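Structure at a glance
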Protein chains: 2
Amino acid sequence: MTRIKGLLYHYVRMRINRNHETKIHPSTPQRKLLFDVIQEAGKHLDAKELYRRASERDPSISLATVYRNLRLFKEQGLVDERHLGQARCYYAMKQLGEHQYLVCAACGKVIEFESPLIRKLIAEVQHKNNFFVTKIELYLEGHCRKCKEEKK
Amino acid sequence: MTRIKGLLYHYVRMRINRNHETKIHPSTPQRKLLFDVIQEAGKHLDAKELYRRASERDPSISLATVYRNLRLFKEQGLVDERHLGQARCYYAMKQLGEHQYLVCAACGKVIEFESPLIRKLIAEVQHKNNFFVTKIELYLEGHCRKCKEEKK
DNA sequence: ATAGGTGCAAATGGTTTGCGAAAAC
DNA sequence: GTTTTCGCAAACCATTTGCACCTAT
C-alpha cells in the first residue's frame, strides 16, 4: 500500500520533470553544495566521498539527499556516472570521451588519459553498427612501472 | 569473535591458493556445472542468471555456491568480470580485448563487437604511460537505429 | 496552501560470511 | 582423518524509499 503510493509519487515526479523539460534547480542550499563539491573535485568521487566532503561544510546533510541529488544530476545530464573498480563514481560532465581511466591492479593508482584513437573508435563503431553513441567508458587495468618491477 | 575466525579462515585459504599456485579444481559437481554453464552460454551472464540456469540441472544448488565459485574462477583467471549497465556479469576468459559492448539505452539491446583499434589503443596507452595492461573494458552506450528513429 | 526538498529510519537487493553437515582427498 | 566445499540462514553494505516536517513559492 505505502509501497504503491511511493512509487506513484516518484513516477509522477519523473513525468513532470520530463514533460516540462525542467531546468537545473539548484534551488536548495544542499543541492548547490553538492554540485559545487563535485565541480571543485574535478575528479571522480563516489557517493560516500561526496557525502564526506559535503558534510564538512554542512554537517546536517544526509546521505539520502546525496543519492537523490546524484540521481537528479544524472537525469539532467549535469554529472556522469562511471563504474571504477567496484564503486560507482561521479564527475562533472565534460565532452564525450574525456574521462578514461588506467588503474594499477597492485597499488591502486588511477591515471586519467585521453587518446584521439577513442574518437576514431566511436566513429567506427557508430558507422558499422548504425548506432548513435552517447556515452563511452573505457577502463584499463594492469601494472604500473613501479609495481611491475617490484613483482620480481 | 566468530567474525575473526571466519576472516582468518578465508585469509589462510587465499594464502595457500596463492603460494601453491593451485590449479583448476573442478572437483565438485556443482563447480563443474557452473563452469559448464558459463562456457556454454558464451555470452555475459550475471550471478542470478547463472544461478537460474544451473538450478535447472541441479535444483539443490545454492546461490552462495554460485558466488563462491565465481570468485574462485576469477582468482584463477578462468572467467572475467564486467560491469554491464548496473550488473556484474561474467564470461569465460578469452583473449585480451575480445569482449567489448555496445548497449542501447532505450531498448537494452547488447551488441558485442571488436575492433583492431582496440589493440592500437592498448599499445599506445602502454607505451605512453609505461604500464603493462592486463585487462580492458570498453563500454559504449547510445541508441540503436530503431530507437533512434522512434524517438521522433 | 501547495509543490518540491530534506533528514531520519526502515526497507531493499545483491553479495558475503559463519556454521554444521557432507564430500573429496 | 583432515581439508575443502556445500546449503542454509544471517549479516553486510550501498542504495532507495516512506514518511513527517519544512521551506520556498
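Residues numbered from 1 in each chain as written. Chains lettered and ligands numbered in written order. Predicted model: local features only at pLDDT ≥ 70, side-chain atom pairs only at ≥ 80, totals over all residues. Heavy atoms only, no water.

1. Considerations on the packing of helix α2 (residues 29-41) of chain A against helix α4 (residues 63-75) of chain A
All names here are of chain A. Orientation of α2 relative to α4, taken along the N-to-C sense of each, is 70 degrees, at an axis distance of 10 Å. As far as their axial angle goes, α4 and α2 are roughly perpendicular. When α2 is examined against α4, the residues Gln 30, Arg 31, Leu 34, Phe 35 and Ile 38 are found in contact with a partner set consisting of Thr 65, Val 66, Asn 69, Leu 70, Leu 72 and Phe 73. Counted by class, the contact of α2 with α4 contains 7 nonpolar, 3 polar and 1 charged residues. (Axes fitted to C-alpha atoms, helices over the stretch in contact; angles between N-to-C directions. Helix = DSSP H or I, 4+ residues; strand = E, 2+ residues; numbered from the N terminus. Parallel < 35°, antiparallel > 145°, perpendicular 65-115°, else oblique. Contact = heavy atoms within 4.5 Å. Nonpolar A, V, L, I, M, F, W, Y, C, P; charged D, E, K, R; others polar.)

2. Examining the sheet that holds strand β3 (residues 87-92) of chain A
All names here are of chain A. With respect to topology, 3 strands assemble into an open sheet ordered β1-β3-β2, the strand pairing being antiparallel. Strands at the two margins of the open sheet, each flanked by one partner only, are β1 (45-46) and β2 (79-84). Taken together, the 6 bridges between β2 and β3 define a ladder with antiparallel strand orientation. In the sheet register, Val 79 faces β3, and the bridge partner there is Ala 92. (Pairing = 2+ DSSP bridges.)

3. Here we look at the domain arrangement of chain A
Residues and elements named next belong to chain A. Here chain A is described as being made up of domain 1 (2-93) and domain 2 (100-151). At the junction of the two partners, domain 1 supplies 9 residues and domain 2 supplies 9 residues. Buried surface at the junction of domain 1 and domain 2, summed over both partners, amounts to about 730 Å²; 48% is from carbon and sulfur atoms. Sorting the residues of domain 1 by area buried against domain 2 places His 44, Arg 82 and Leu 84 first, and these three jointly supply 59% of that buried surface. The interface formed by domain 1 and domain 2 includes 2 salt bridges. Salt-bridge contacts for Asp 80 lead to Lys 135; the nearest nitrogen and oxygen are separated by 3.6 Å. In terms of residue count, β2 provides more of the side of domain 1 that touches domain 2 than any other element does, 5 residues in total. Considered class by class, the residues forming the side of domain 1 that touches domain 2 number 2 nonpolar, 3 polar and 4 charged. (Domains from an automatic or database assignment. Buried area = accessible area lost by both parts, 1.4 Å probe. Salt bridge = Lys/Arg side-chain N within 4 Å of Asp/Glu carboxyl O.)

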